[in-house]
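Letter by letter, the chains look like this.
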Amino acid sequence: MSASDPRSGRSTVVIDERWRSPREGQFLLASAALGRPARVNVLTPPPAVSAAPLLLLLHGADDDPDCWESGVGLSARARELGAVIVMPEGGAVGFCTDWVHAERPVPGRIGRPGGRRDQVAPAWERFHLDEVLPWAEARFSASGHRVVLGVSMGGLGAIAYTARRPGTFAAAASLSGVLNLFAPGIAALTLSALLRERQHPYALWGSPREDRRRWEAHDPVSLASRLDGVPLYLARADGRPVPGDPNFPALTGVLERLIGPCTDSFSRRLNALGIRATVHHGHGVHMWPTWNREFDRAWPFLTAALGLADARGGRGGG
């Protein structure tokens, strides 16, 4: 089944689909925006639910759509939730944006995100919003009411998409999101992530100095005024390991201490504009045990934003 991309006039075609259970599907879409096939996981609502709202979940760097099951136990948590939950691929370092430079071929990574031999500049925003959303809503008869949540790189996407495309999402949530592209160390972190993947360091938005306006066009702090009236949930951690969590490398704490303050500066900008947001400061490092706890806390916000009862399944609480 296909759905039309309103910007290109093309249809999104399913190359392959596999069902892990009657309500857990994995789809491979032919994406014109990316110039290659890309994966989308979908959790459908209970059979009796029709015209369900849609929850879009955006993963972080070096992750994939399966992280929502392994990281937060999504299928159990959302067992009774009357929503279509859509989890698209976002690339190893896609940063939820339409790149200005083409991807470089990366030896040994053909077929993985960011590793193909053509020279197409991937358009992740267009893939997520103009290909995945219309396809998912048509395929699963969704109502058109949408909410978005992302972690880390995906948190940037959740807030930036909501600001850049007014009316697309009724509410947005970010967990440890990269919400200030001009915060100390963030530009360097972004460029180094691209270099680590053997990509052009200015592939996303050009030079942070010479192309500042393009960076500002994707920077949540710069876009904050567009979020007036949109319910927002923002969470960050302190970068300190939590007793009982797995023993992660020290870098995960460093990353949260670097990225976490982005939420603070974004929140201050919202406050200066008179825009309200729910903000939570938690404990933990830049890894899934932290985001699992924050997902718990965000759950009532998400269900309310979707217009649904707080259906919790087997993994709720917090």
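Overview of the structure. (Residues numbered from 1 in each chain as written. Predicted model: local features only at pLDDT ≥ 70, side-chain atom pairs only at ≥ 80, totals over all residues. Heavy atoms only, no water.)

### Thoughts on the packing of aromatic side chains
Considering all chains together, one arrives at 13 aromatic pairs under this definition. Here the aromatic rings of Trp68 and Trp288 are separated by 5.3 Å at their centres, their planes lie at 80°, and the arrangement is edge-to-face. Taken together, the residues Trp68 in helix 1 (residues 67-72) and Trp288 in helix 9 (residues 288-305) connect sequence positions 220 residues apart. Overall, Trp288 belongs to the buried group, its relative accessible area being 12%. A network of ring pairs unites the aromatic residues Trp68, Trp288, Trp291, Phe295 and Trp299 as a single cluster. Lying across the ring of Phe182, Arg212 places its NZ or CZ 4.0 Å from the centre. (Phe/Tyr/Trp six-rings, centres within 6.5 Å; stacked < 30°, edge-to-face > 60°. Helix = DSSP H or I, 4+ residues; strand = E, 2+ residues; numbered from the N terminus. Buried < 20%, exposed > 50% of the residue type's maximum accessible area, 1.4 Å probe, protein only. Lys NZ or Arg CZ within 6 Å of the ring centre and 35° of its normal.)

### Here's the deal with the environment of Leu54
By the element assignment, Leu54 lies in strand 5 (residues 54-58). Once the C-alpha coordinates of Leu54 and Ser143 are considered, the two residues, 89 residues apart in sequence, prove to be 7.5 Å apart. When near neighbours in sequence (up to four residues on either side) are disregarded, Leu54 contacts Val84, Val86, Leu133, Ala136, Glu137, His145, Arg146, Val147 and Leu306. (Contact = heavy atoms within 4.5 Å.)

### With respect to helix 8 (residues 250-272)
Within an α-helix, residues lying three or four positions from one another point in the same direction, as the helix has 3.6 residues per turn. Its 23 residues place the ends of helix 8 34 Å apart at the C-alpha level, agreeing with the 33 Å of an ideal helix rising 1.5 Å per residue. In this fold, the buried residues of helix 8 make contact with helix 4 (153-164), helix 5 (186-196), helix 7 (220-223), strand 9 (232-236) and strand 10 (278-281). Looking at the residues trailing helix 8, positive phi occurs at Gly274, about 75°. (Expected span 1.5 Å × (residues − 1).)

### A few points about empty space enclosed by the protein
Inspection of every chain in the model, using the stated rule, returns three cavities of 30 Å³ or more. Empty space within the largest cavity amounts to approximately 130 Å³. Looking at the lining of the largest cavity, the elements that each hand over two or more residues are strand 3 (24-31), strand 4 (36-43), helix 1 and helix 2 (74-77). Take the lining of the largest cavity: its biggest share by element is three residues, from strand 4. Residues belonging to the lining of the largest cavity are distributed by class as follows: six nonpolar, three polar and four charged. (1 Å grid on protein atoms, 1.4 Å probe; cavity = no way out; pocket = protein on both sides within 12 Å on 5 of 7 lines; lining within 4 Å. Points joined across faces, edges and corners; volume = space filled by probe spheres on them. Nonpolar A, V, L, I, M, F, W, Y, C, P; charged D, E, K, R; others polar.)

### Re the side chain of Thr97
With respect to the helices and strands, Thr97 occurs in the loop between strand 6 (84-88) and helix 3 (124-139). On the basis of relative accessibility, which here comes to 0%, the residue Thr97 falls in the buried class. Within polar-contact distance, the side chain of Thr97 engages the side chain of Trp205 at 2.8 Å. Those residues in contact with Thr97, other than ones at most four positions away along the chain, are Pro122, Ala123, Trp124, Glu125, Tyr161, Leu204, Trp205 and His218. (Polar contact = N/O pair within 3.5 Å; in protein donor to acceptor, adjacent residues only side chain to side chain.)

### Brief notes about helix 5
Looking at helix 5, one finds that the buried residues are Ile186, Thr190, Leu191, Ala193 and Leu194. Looking straight down helix 5, one finds its buried side chains confined to an arc of 155°; they lie on one side. Residues of helix 5 that are exposed and angled more than 90 degrees away from the buried face: Ala188 and Leu195. For helix 5, the secondary structure elements touched by its buried residues are helix 6 (212-216) and helix 8. Taken from the residues just after helix 5, Arg198 is the one with a positive phi, measuring 60°. (Arc of directions from axis to C-beta.)

### Brief notes about the nonpolar core
With 62 residues, the main nonpolar core has Trp135 and Phe266 as its most contacted residues. Apart from residues lying up to four places away in sequence, Phe266 is in contact with Ile159, Leu179, Pro220, Val221, Ala224, Leu227 and Leu234. Trp68, Leu74, Ala171 and Trp291 belong to the second-largest nonpolar core, a separate cluster that totals 29 residues. (Core = buried A, V, L, I, M, F, W, Y, C linked by side-chain atoms within 4.5 Å.)

That's the geometry; what it means functionally is another story.
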